[in-house]
Amino acid sequence: IEGYDIANLAEGRDATASMVVFENGIPVSEKYRQFRIKTVKGANDVAMMREVLRRRSRNKWPIPDIIMLDGGKPQLNGVMDELKDWLIHMGNNAPLIIGLAKRDEEIYIPNRTKPLRLKKSHPFLLLLMHVRDEAHRFARRYHHRLRDYPKFKD
């Protein structure tokens, strides 16, 4: 599973994103990646997530089984639109892309009108929450470093 999150201030300044990788339910920190948002001005999480996944799709990193976004339907729809050619090219090897909305821990899946709702104690939901929380922690750590220590911006 690859998990993605965005971190920025209300006005979008010093926006960053993270990619965390879990294999067999275990974080693999040496495969984590950090991104500085380059093309989006202002606070627009959907556009930032699109940028990060576009950049990810251009890399030759191994393809995960699942790409999980921190966010709900807007983030998922934005990314699916951005990655449609990449996913078509991959055919049956394409990863499942899902969104996890924090408010009710709802899982958004492409081509489904309603989110999947699992019991809060369901092992798969607990794993996704762990991935999401780790992506959030990693994105915020990088964001704070850029915000608090200007020398890291260069």
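Everything below is about the structure printed above this text.
All values reported here derive from a predicted model rather than from experimental measurement.

Cut-off values and rules
- Residues numbered from 1 in each chain as written.
- Predicted model: local features only at pLDDT ≥ 70, side-chain atom pairs only at ≥ 80, totals over all residues.
- Heavy atoms only, no water.
- Helix = DSSP H or I, 4+ residues; strand = E, 2+ residues; numbered from the N terminus.
- Buried < 20%, exposed > 50% of the residue type's maximum accessible area, 1.4 Å probe, protein only.
- Contact = heavy atoms within 4.5 Å.
- Areas by Shrake-Rupley, 256 points an atom, 1.4 Å probe, with all protein chains shown as cover.
- Salt bridge = Lys/Arg side-chain N within 4 Å of Asp/Glu carboxyl O.
- Phe/Tyr/Trp six-rings, centres within 6.5 Å; stacked < 30°, edge-to-face > 60°.
- Lys NZ or Arg CZ within 6 Å of the ring centre and 35° of its normal.
- Core = buried A, V, L, I, M, F, W, Y, C linked by side-chain atoms within 4.5 Å.
- Axes fitted to C-alpha atoms, helices over the stretch in contact; angles between N-to-C directions.
- Parallel < 35°, antiparallel > 145°, perpendicular 65-115°, else oblique.
- Left-handed = near helix turned anticlockwise from the far one by under 90°.
- Nonpolar A, V, L, I, M, F, W, Y, C, P; charged D, E, K, R; others polar.
- Bend = angle between axes of the 7 residues up to and from the residue.
- Expected span 1.5 Å × (residues − 1).
- Pairing = 2+ DSSP bridges.
- Right-handed = clockwise from strand over helix to strand, strands pointing away.

Student: It is not clear to me how the overall build of the protein chain should be interpreted in this structure. Could you clarify?
Tutor: Scanning the protein chain for helices and strands turns up 3 helices and 7 strands. Taking all 154 residues of the protein chain together, the buried fraction comes to 45%. Intrachain contacts of the protein chain at a sequence separation of at least 6 include 58% that bridge at least 24 residues. Working note: accessible area of the protein chain is about 8700 Å², and carbon and sulfur atoms make up 51% of it.

Student: I keep staring at the pattern of salt bridges and nothing clicks. Help me out?
Tutor: Oppositely charged side chains can form a pair if their charged atoms are brought close together. Applying the stated criterion across every chain yields a total of 12 salt bridges. Asp104 is the salt-bridge partner of Arg103, the closest N and O atoms lying 3.5 Å from each other. A single salt-bridge network, built from bridges that share partners, covers Arg50, Arg54, Asp81, Glu82 and Lys84.

Student: Could you clarify how one ought to interpret the packing of aromatic side chains in this entry?
Tutor: Inspection of the entire model under this criterion finds 2 aromatic pairs. Relative to Phe138, the ring of Tyr32 has its centre 5.0 Å away and its plane inclined at 70 degrees; by these criteria the two rings are edge-to-face. Placement of the pair is Tyr32 in the loop between β3 (26-27) and β4 (33-36) and Phe138 in helix α3 (residues 123-148), with a sequence separation of 106 residues. In this structure, Arg33 is placed above the aromatic ring of Trp61, and the distance from its NZ or CZ to the ring centre is 5.0 Å.

Student: How do you make sense of the nonpolar core when you look at a structure like this?
Tutor: Side chains that are nonpolar tend, in soluble globular proteins, to be buried together. In terms of nonpolar packing, the biggest core is built from 24 residues, with Tyr4, Ile37, Val52, Leu53, Leu69 and Ile97 touching the most fellow members. Taken together, the elements giving at least two residues each to this core come down to β1 (2-7), β2 (16-23), α1 (45-57), β5 (66-70), α2 (73-90) and β6 (96-101). If one sorts the elements of this core by residue count, α2 sits on top with 6 residues. Filtering out sequence-adjacent residues up to four positions away, Leu53 remains in contact with Tyr4, Ile67, Leu69, Val79 and Leu83. In this structure, Val20, Ile98, Met129 and Val131 belong to the second largest nonpolar core, which totals 15 residues.

Student: Where do I start with the packing of α1 against α2 in this structure?
Tutor: The contact between α1 and α2 brings their axes to 9 Å, and the two run at 30 degrees. Between α1 and α2, the crossing angle belongs to the class labelled roughly parallel. As for the relative orientation of α1 and α2, their crossing is right-handed in sense. The residues of α2 that touch α1, namely those facing Asp45, Val46, Met49, Arg50, Leu53, Arg54, Arg56 and Ser57, are Pro74, Gln75, Gly78, Val79, Asp81, Glu82, Leu83 and Trp86. Of the residues belonging to the contact of α1 with α2, the class tally is 7 nonpolar, 3 polar and 6 charged.

Student: Looking at this structure, how should I read α2?
Tutor: One full turn of an α-helix is made of 3.6 residues, so residues set three or four places apart face in the same direction. Taking the largest bend as the criterion, α2 deviates by roughly 60 degrees, centred on Leu83. By the burial criterion, the buried members of α2 are Gln75, Leu76, Gly78, Val79, Leu83, Trp86, Leu87 and Met90. Once α2 ends, the next one or two residues include Gly91, with phi positive near 60 degrees.

Student: Looking at this structure, I do not really get α1. What am I missing?
Tutor: With 13 residues, α1 extends 18 Å from end C-alpha to end C-alpha; this agrees with the ideal 18 Å at 1.5 Å per step. Of the positions making up α1, those classed as buried are Met48, Met49, Glu51, Val52, Leu53, Arg56 and Ser57. For α1, the elements touching its buried residues are β1, β2, β4, β5 and α2.

Student: Hey, could you run me through the pairing of β5 in this one?
Tutor: Put simply, side chains in a regular strand alternate between the two faces of the sheet. Burial analysis of β5 places 5 of its 5 residues in the buried class, which makes it a mostly covered element. Of the two faces of β5, the one lined by Ile66, Met68 and Asp70 and the one lined by Ile67 and Leu69 are each fully buried. For β1 and β5, the ladder comprises 3 bridges, and the chain directions are parallel. Considered in β5, the bridge of Glu2 is made with Ile67. The pairing of β5 with β6 spans 5 bridges and is parallel. Bridging across to β6, Asp70 finds its partner in Leu100. Once you follow β5 into α2 and on to β6, the crossover reads as right-handed.

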